[in-house]
Amino acid sequence: MLKQRVITAVVLLAMLLPALFAVNPWPLMVLTLVLIGAGAWEWGRLNGYGAVMSWFGAGSCVLTCLLLVQAGWAVQTPPQVWLLAGAMWVLLSAWMLQRGVAGWGLWPRSLRWLAGLLFLVLAWLALAQAHQRGVNFLLSVLVLVWAADVFAYFFGRGLGGRWFRVKLAPSISPGKTWEGAIGGALGVLLVSAAWVAFDSHRSSHSLSFFSLIWSQAWYVALPAVLFMTVMSVVGDLVESLVKRSAGMKDSSGLLPGHGGVLDRVDALLPTLPWAMMLVAWI
């Protein structure tokens, strides 16, 4: 299993890094379109659809993204779109986590399916537009999510159950602890401070997400960065809830050793649109 994980990670990085740093944005856009199409296919399976509808959902998702590129939204999206996307994520995830696994199955299947495809399209659009802002900006958002996950893992392993007797969401993801969540938030704050310091010592027109946010008053920036961390955890929990409702351990086996595409990008689905909303409105 470890060997599979390492090989898959190396292959993905070998494809992602050249596309990320390419002068032309299309290599990254095409690569991520393939991944988002795969995620849409997995989403169909998670909602009980067969091969035909799952592939139809994947094709529809990719086609919608291409139409939005043609409309110029990959370069400049109306800020109201990000405000609506952020609000939908907060309201829907709060409802889902409050109702639990059983509540998700009460939704009409077609509505669940369409909502997921919409969020996949919005996440891809946010990624494409973040890349247009510069590699530094996009990388900072990606690293925010990765830092939250890594620090949460180590804090959870070392301190889980010592400060809080109750788990974070035991019926959805029994391994997650409040200590891990706090550690993830502290890790993100540490990374953001280091990134802002790095940006201040380099001459570049491409500022990171952290530098843009911390250029505001601290009482605006601090809640914004912490809320981004919270949304990364929410994305993970929402996907875990859907998998439990479907009775599946992984969203698929497309990525050997890692599960499916949705298993890898779940935390990015809310944080990418939220990042674009924050820089558009703050």
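What you see is a predicted model, and the numbers here were worked out from it, not measured in a lab.

Colleague: Where do I start with the pattern of salt bridges in this structure?
Modeller: Opposite charge on two side chains permits them to pair, given that their charged atoms come into close proximity. Applying the stated criterion across every chain, the model contains 3 salt bridges. In this structure, Lys243 engages Glu239 in a salt bridge whose closest nitrogen and oxygen atoms are separated by 3.6 Å. One end of the pair, Lys243, and the other, Glu239, are both in helix α9 (residues 218–246), 4 residues apart, so they sit about a helical turn from each other. Of the charged contacts in the structure, one is a salt bridge between Asp263 and Lys243, with a shortest N-O distance of 2.9 Å. Note that Asp263 is positioned in helix α10 (residues 261–265) and Lys243 in helix α9, a separation of 20 residues in sequence.

Colleague: Sorry, what's going on with the packing of helix α2 (residues 26–46) against helix α5 (residues 109–133) here?
Modeller: A pair of packed helices can be characterised by two numbers: the angle between their axes and the separation between those axes. Two elements in contact, α2 and α5, have axes separated by 10 Å at closest approach and are oriented at 165°. The pairing of α2 with α5 is recorded here as roughly antiparallel in orientation. In terms of crossing hand, the pair formed by α2 and α5 is right-handed. Between α2, through Leu28, Met29, Thr32, Leu33, Ile36, Gly39, Ala40, Trp43 and Gly44, and α5, the contact on the second element is made entirely by Arg112, Trp113, Gly116, Leu117, Leu120, Trp124, Leu127 and His131.

Colleague: I keep staring at the packing of aromatic side chains and nothing clicks. Help me out?
Modeller: Pairs of aromatic rings are described using the distance from one ring centre to the other and the angle between the two planes. On inspection of all chains with the given rule, the structure shows 13 aromatic pairs. Both rings, one in Trp43 and one in Trp104, keep their centres 6.2 Å apart while their planes meet at 55°; by these two values the pair is tilted. Pair noted here: Trp43 is in helix α2 and Trp104 is in helix α4 (residues 79–104), with a separation of 61 residues, a long-range link. There is no split in this pair, since Trp43 and Trp104 are both buried. Between the aromatic rings of Trp104 and Trp107, the centroid separation amounts to 5.7 Å while the plane-to-plane angle is 35°, which identifies the pairing as tilted. Residue class for Trp104 comes out buried when judged on its relative accessible area of 3%. The exposure class assigned to Trp107 is partly exposed, which follows from its relative accessible area of 21%. Put simply, the rings of Trp43, Trp95, Trp104 and Trp107 touch in pairs and so form one group of aromatic residues. Lying over the aromatic face of Tyr49, Arg109 brings its terminal NZ or CZ to 4.2 Å of the ring centre. A cation sits over an aromatic face here: Arg133 above Phe137, 5.4 Å from the ring centre.

Colleague: What am I meant to see in α4 here?
Modeller: Turn by turn, an α-helix covers 3.6 residues, leaving residues three or four places apart pointing in a common direction. Under the 1.5 Å per step criterion, the end-to-end length of α4 is only 30 Å for 26 residues, more than 12% shorter than the ideal 38 Å. Gln98 marks where α4 bends most, by close to 75°. For α4, the secondary structure elements touched by its buried residues are α2, α5, α9 and α11 (268–281).

Criteria and thresholds
Residues numbered from 1 in each chain as written. Predicted model: local features only at pLDDT ≥ 70, side-chain atom pairs only at ≥ 80, totals over all residues. Heavy atoms only, no water. Salt bridge = Lys/Arg side-chain N within 4 Å of Asp/Glu carboxyl O. Helix = DSSP H or I, 4+ residues; strand = E, 2+ residues; numbered from the N terminus. Axes fitted to C-alpha atoms, helices over the stretch in contact; angles between N-to-C directions. Parallel < 35°, antiparallel > 145°, perpendicular 65-115°, else oblique. Left-handed = near helix turned anticlockwise from the far one by under 90°. Contact = heavy atoms within 4.5 Å. Phe/Tyr/Trp six-rings, centres within 6.5 Å; stacked < 30°, edge-to-face > 60°. Buried < 20%, exposed > 50% of the residue type's maximum accessible area, 1.4 Å probe, protein only. Lys NZ or Arg CZ within 6 Å of the ring centre and 35° of its normal. Expected span 1.5 Å × (residues − 1). Bend = angle between axes of the 7 residues up to and from the residue.

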